[in-house]
Number of protein chains: 2
Amino acid sequence: MISTARIVGAGLIGTSIGLCLKSAGIKVEMVDVDSNSAQLAQDLVKSTPLSEPDLIVVAVPISANQKVVVEQLNANPNSIVCDLASVKSDLLVKVEELSDNAKNFISLHPMAGRELSGAQSARADLFIGRAWVLITGSKSSEKAKLVADSFIKICGGSSYQMSSAEHDLTVAKLSHLPQILSSSLAASLLEVSEDNLNISGQGIRDLTRLANSDSKLWSEIFLANQSSLTPALEKLISHLQGLQKSLVSNKKEEIEDFLKKGREGKDKIPGKHGAKSRNYAFLPIVIDDKPGQLAIIFNECAKIAVNIEDLSIEHSPGQETGLITLALSESDCIKLSEHLEKLGFKVHPTKNR
Amino acid sequence: MISTARIVGAGLIGTSIGLCLKSAGIKVEMVDVDSNSAQLAQDLVKSTPLSEPDLIVVAVPISANQKVVVEQLNANPNSIVCDLASVKSDLLVKVEELSDNAKNFISLHPMAGRELSGAQSARADLFIGRAWVLITGSKSSEKAKLVADSFIKICGGSSYQMSSAEHDLTVAKLSHLPQILSSSLAASLLEVSEDNLNISGQGIRDLTRLANSDSKLWSEIFLANQSSLTPALEKLISHLQGLQKSLVSNKKEEIEDFLKKGREGKDKIPGKHGAKSRNYAFLPIVIDDKPGQLAIIFNECAKIAVNIEDLSIEHSPGQETGLITLALSESDCIKLSEHLEKLGFKVHPTKNR
């Protein structure tokens, strides 16, 4: 059903889609108005130029979305076009107004992303197990629906149908409010001294992860979704003001109730649908903090044909040793662990971390 | 220096400490007022009854903390006693007032925890790489300081000295505000339909993780730290109100500024173990997914004396290419980029990612 696809927009999302479709055996063309981004994405995806591909995926900033969707629809009357914008508002109405090929259009929103941006942060598995919102216009053809469904399946996602309006309301709460709280909390750290920030634990790190997001992109998103976002933010602010009052007046039960409601809300979030956990084994290795240590480990991996899926390094300037953790297949983990142990390395194989 | 230790309080933190000390070869006694918790922890840790152990760790809810610290100090004049409470307020003053053995007391706070609670959630590695706040009283003996330092090292932590007041102010911002925001955001989900919650992405999941925390424990913590927490919460609320105004009045630049400040704050958080964040240049390199690719790159780095400060790998199963991003000094980045390009590698130097 899909053997060729063009991705317009070589950012994080577009390039990740490109990698994903490519690994499913589809011929992919990556395009971007920025030639540097286009070049990196084309190298990563091994892009081929295409004309009227089966599928065109528009993955551009929201300010350019409608224009690019209409352009692609009008220039490629035989292609199915999907956009991935995170706010929909009147997109479908506009597209039906401005294109004779609106039957070829389906609006999608994959609930996936990273706080990093650009093609350099892309990964093929970004969408595995993720929910995709699917919004069909009144004119969308059966063929367009089938292609969009197939596209979502190839990406490993599950689709959930919604109206534009419901989508915008829901993402205000599930996506835009979290971004606002993360940024606000992170901004409050500007008043904490660098010394005191040394004691930052996992909570503050997790809650401020999203604060790394692109400010230009997100200010566009917030404004595009203003009408759904402002009432949600207002409610949250008054909820916090309620807690503030309970705190000042020493109302322990009210504070407990505030926390309990949070727990109830948290419990409502369903498990990831069809999430395939990447079943890696993790191999932490204690290394001396001196040049060449990593090269030795990587050379040994190559020597015994062990493939490193991912890795992280933890070390501090004051510490004599560092910890490198390799993510490997289970069999590679056992193989490498035994191999390195024989060489005198301090390895600590584990299945979870 | 520490060959025997008693842990008073068999919750998540106390039992994790017990597991950790036990695995370091120390004889451990676990005690708890609740006999079920005590039994589970004793079985887990293989507890032995002890009298006047070298170290006594008090890991009880904040409402019982001062009382238990004083009891243990008075009953065990030859033991060093450490508490782990997350709010200190006038604890040290009170202890000096109520015990003749205040010289044996050191107040600690490990910046670690989980949103789960109880001995069953305990893990020996909970404290590896974590920051510990160390607060010495005016009367604390040299021996007490040495034992506390040794205790923190055994747990794999790094210690940061602070006054009680500074500690309480700092945790209000780094620990208590994140808990409040997480609970508040999670509570707002009570108004979202179960169907619509199906599209929950990683952002809302991460930001509401802490909302699972124990409501009784945390309401005690909030109230104990009321004087530091309320001004911090007030500031955050008015920051959110500022954004609300910018949204309503369509001020794109103000919204961008809000987001940028968040990013700046986020950037201030040091790497784990207190490593200072540095301005690295990043060199993304596209590699084929086969063993030995990383080794080649590391060997070339060693050959031209380029020092790798950090690295990340973006690659997922099934993807034909991978991307390795090296963090380097700017000059090393240029040097390596040119070197690898000559060898035919696809490099894409960039300053931000």
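Predicted model only: the values in this text are computed from it and were never measured.

Another point: the domain arrangement of chain A. Domain assignment breaks chain A into domain 1 (4-163), domain 2 (167-268) and domain 3 (281-347). Averaged C-alpha coordinates put domain 2 of chain A and domain 3 of chain A at centres separated by 38 Å.

Pairs can form between side chains of opposite charge once their charged atoms are near each other. Residue and element names in this part refer to chain A. Considering all chains together, one arrives at 21 salt bridges over all chains under this definition. Among the ionic pairs, Lys261 bridges to Asp257, the shortest N-O distance being 3.1 Å. One end of the pair is Lys261 and the other is Asp257, both in helix α11 (residues 252-268) and 4 residues apart, which spans about a single turn. The partly exposed category is assigned to Lys261, whose relative accessible area is 34%.

Residue and element names in this part refer to chain A. Strand order in the open sheet formed by 7 strands is β2-β1-β3-β4-β5-β6-β7, with mixed pairing between adjacent strands. At either end of the open sheet lies a strand with only one pairing partner, and these are β2 (27-31) and β7 (158-161). Put simply, the sheet's adjacent strands are angled 25° from each other on average, direction ignored. Both strand β5 (residues 105-110) and strand β6 (residues 131-136) contribute to a ladder of 5 bridges, which runs antiparallel. Each bridged residue has a counterpart across the sheet, and for Pro110 the counterpart in β6 is Trp132. Contacts from helix α1 (residues 12-23) reach β1 (4-8), β2, β3 (55-58) and β6 within the one sheet, and its direction differs from that of β2 by about 165°.

Across the contact, 121 residues belong to chain B and 125 residues belong to chain A. When residues of chain B are sorted by the area they lose upon contact with chain A, Leu174(B), Ile199(B) and Lys268(B) head the list and together hold 7% of the total. Where chain B touches chain A, the interface holds 4 salt bridges. With a shortest N-O distance of 3.2 Å, Lys235(A) and Glu191(B) are connected by a salt bridge. For the pair chain B and chain A, the interface holds 27 residue pairs in polar contact (both at pLDDT 80 or more). Here the element with the most residues in the side of chain B that touches chain A is helix α6 (residues 164-188) of chain B; it accounts for 16 residues. Residues of the side of chain B that touches chain A, tallied by class, amount to 50 nonpolar, 37 polar and 34 charged.

Moving on, we come to the packing of aromatic side chains. Under the defined criterion, the tally for this structure stands at 7 aromatic pairs over all chains. Relative to Trp132(A), the ring of Phe127(A) lies with its centre 5.5 Å away and its plane at 50°, an arrangement referred to as tilted. Relative accessible area serves as the criterion here: at 0%, Phe127(A) is assigned to the buried category. According to the relative accessible area criterion, Trp132(A) is buried, its value standing at 0%. Arranged with centres 4.6 Å apart and planes meeting at 5°, the rings of Phe298(A) and Phe298(B) form a pair that is stacked. On the criterion of chain membership, the pair formed by Phe298(A) in helix α12 (residues 293-303) and Phe298(B) in helix α12 (residues 293-303) is interchain, its members lying in two chains. On the accessibility criterion, Phe298(A) (1% relative accessible area) is buried. Three or more aromatic residues joined by ring pairs make a cluster, and in this case those are Phe127(A), Trp132(A) and Phe151(A).

Quick notes on the rules
- Residues numbered from 1 in each chain as written.
- Chains lettered and ligands numbered in written order.
- Predicted model: local features only at pLDDT ≥ 70, side-chain atom pairs only at ≥ 80, totals over all residues.
- Heavy atoms only, no water.
- Domains from an automatic or database assignment.
- Salt bridge = Lys/Arg side-chain N within 4 Å of Asp/Glu carboxyl O.
- Helix = DSSP H or I, 4+ residues; strand = E, 2+ residues; numbered from the N terminus.
- Buried < 20%, exposed > 50% of the residue type's maximum accessible area, 1.4 Å probe, protein only.
- Pairing = 2+ DSSP bridges.
- Axes fitted to C-alpha atoms, helices over the stretch in contact; angles between N-to-C directions.
- Contact = heavy atoms within 4.5 Å.
- Buried area = accessible area lost by both parts, 1.4 Å probe.
- Polar contact = N/O pair within 3.5 Å; in protein donor to acceptor, adjacent residues only side chain to side chain.
- Nonpolar A, V, L, I, M, F, W, Y, C, P; charged D, E, K, R; others polar.
- Phe/Tyr/Trp six-rings, centres within 6.5 Å; stacked < 30°, edge-to-face > 60°.

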